[in-house]
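Here is what each chain is made of, one letter per residue.
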Amino acid sequence: MLLRVIIENFLSFNDVVQFDMFPNRKRSVLDYHVYGDYKVPVLKMAAVYGANGAGKSNLVKALNFIKEFALNKEFLKQSPPEGHVFALQAAKNDRPLEIAVEFLVSKSVGYVYSVAVSAKGVERERLFRSGLGEKPMELIYERTLDTISFSFGTPSNIPELVGRLLKKNPWSSFLALNAEFPVVPGADIFRVVKWFRKNLVIIESNSMVPGLIHMMRSNRPLMEFTDSMMRRLCLGISSLEVETENADEWLMHHAGSFSQQEIEELKDNEFIARMDNERQSMSVFSEQGVKKVAKFVFNQFGTDGYVGKMDIANQSDGTVRLLSLLPALYDAIYRDTTVVIDEINHQMHPGLIVGLVQRFANDRISRGQLIFTTHETSFLEEYPVRSDVVDEKGEVESVITKEKLIRNDEIWFVEKKDGCSSLYSLNDFNFHNSLSRRNAYIDGRFRSYPHIEPHV
């Protein structure tokens, strides 16, 4: 569970900003949007609004930056810090960019991981065990350039050995190096790496999922969830399948699609994906030594009840985008995964996006988090909710009421002034619940709505 992110001198965030998932305990609306069985209560979702160029995507990029830094020892070599610091100032910016993230790995154990990097290198990398508001943080390790110290007992040669690793790999995080060369054991370090790798999923607006067919084919509950959502969202699709056939037979009719050597070298649980027009058209895999080809088949309604089989090339960009988001939504519902989506409305109709978010927002057994940036103002409105009630005669009747889709403390705004982005929550405003949040946002009461100069 993500608790908060603190950012400074990163892209458009010049000054210190904080984004958090802490609820306002005075709010009772949508109480099931608060996970109350953790050491600290935490919100299940958040929507981030702002004008184009305000810096919404930079929040997602900051999370992606610290995740990649923690896991990929080559990341800073490929993406130097000079390209990520605040640039809209006359003086040269020599300050390090700084990002800190606090998160829970279980109901009672949390960590704070922070980094500060500049042209000098990794000026600071620290890991703390969070006190979760009850006690001070406990330092686990602190690294400055190629020097590191641990708060727990290690053999006398370990800091020197790690120091040599850091000197040889000055742009790498200790976490990434220790994952590849496990010099320092410890449950804390293992849990943190696991959270970044497994429990933080970041989907940028142009993200592709090369392993999509493999994921659906090998995870039956995910496939059933995806099939159900495709039908529920009224896309004209009666069902979704993954069809497979023998690779040798398929290659007879599609020579040149894959090299014979690529296929022969495939091992069980491995696959090769082919992307066409930014969508996965097929996947070749090995199952008990037998090479097979898999592809999506969309069973679609036609005239007079006819159902025809269509492949992914015949699907709209919006349908393909939806298909790529559904595995992450599944993980946010059924696993304790924090899913962060940039521009959730990218290529999709507003009704489709609302249906997608409603599935998560209204789910009362969800275990993860959904955080997204968007321009879609309809999330701010109330939606009809059907529920069954028992009348005085003991008969069940269906009643439709209106309910918010998202709480005030789950709504965030990004605003840019003089090139600097600020980040704040609707919870910071004294705003009566009876008023329209959508109208207030469009009217500029929350400031982050785009202002267009009148034509003269």
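Residues numbered from 1 in each chain as written. Predicted model: local features only at pLDDT ≥ 70, side-chain atom pairs only at ≥ 80, totals over all residues. Heavy atoms only, no water.

K.L.:
Just checking my understanding: could you explain the packing of aromatic side chains for this structure?
P.N.:
If you walk through the whole model with that rule in mind, you get 25 aromatic pairs. Seen in terms of ring centroids, F150 and F174 are 5.7 Å apart; in terms of plane orientation they differ by 65°. Their pairing is edge-to-face. Placement of F150 in strand 10 (residues 147-150) and of F174 in helix 4 (residues 174-180) is noted, with a sequence separation of 24 residues between them. Here F413 and Y441 contribute two aromatic rings whose centre-to-centre distance is 5.6 Å and whose plane-to-plane angle is 25°, an arrangement assigned as stacked. With F413 in strand 21 (residues 411-417) and Y441 in helix 12 (residues 437-442), this pair connects stretches of sequence that are 28 residues apart. Given the relative accessible area of 0%, F413 is considered buried. (Phe/Tyr/Trp six-rings, centres within 6.5 Å; stacked < 30°, edge-to-face > 60°. Helix = DSSP H or I, 4+ residues; strand = E, 2+ residues; numbered from the N terminus. Buried < 20%, exposed > 50% of the residue type's maximum accessible area, 1.4 Å probe, protein only.)

K.L.:
Help me understand the pattern of salt bridges in this model?
P.N.:
Once their charged atoms are close, side chains differing in charge can pair, the charge on each being opposite to the other. Summed over the entire model, instances satisfying the criterion amount to 27 salt bridges. Salt-bridge contacts for R129 lead to E138; the nearest nitrogen and oxygen are separated by 3.0 Å. Classification of R129 as partly exposed rests on a relative accessible area of 27%. When the shortest N-O distance is used, the salt bridge between E224 and R220 registers 3.5 Å. One end of the pair is E224 and the other is R220, both in helix 7 (residues 220-232) and four residues apart, which spans about a single turn. By relative accessible area, E224 is classed as partly exposed at 45%. Overlapping salt bridges, with partners in common, bring together R129, K135, E138, D188 and R191 in one network. (Salt bridge = Lys/Arg side-chain N within 4 Å of Asp/Glu carboxyl O.)

K.L.:
I keep staring at the sheet that holds strand 10 and nothing clicks. Help me out?
P.N.:
Strands in a sheet are paired, the pairing made by backbone hydrogen bonds, and the direction either parallel or antiparallel. Overall, antiparallel pairing links the seven strands, which are arranged 2-1-6-7-8-9-10 in an open sheet. A strand with exactly one partner marks an edge of an open sheet, and here the two such strands are strand 2 (17-20) and strand 10. Averaged over all neighbouring strand pairs, the angle between strand axes comes to 10°, with direction disregarded. When strand 6 (residues 97-104) meets strand 7 (residues 110-118), the two strands line up antiparallel, connected through eight bridges. The residue of strand 7 that forms the bridge with L97 is V117. Packed onto the sheet, helix 3 (residues 158-168) meets strand 9 (138-144) and strand 10 and runs at close to 145° relative to strand 10. (Pairing = 2+ DSSP bridges. Axes fitted to C-alpha atoms, helices over the stretch in contact; angles between N-to-C directions. Contact = heavy atoms within 4.5 Å.)

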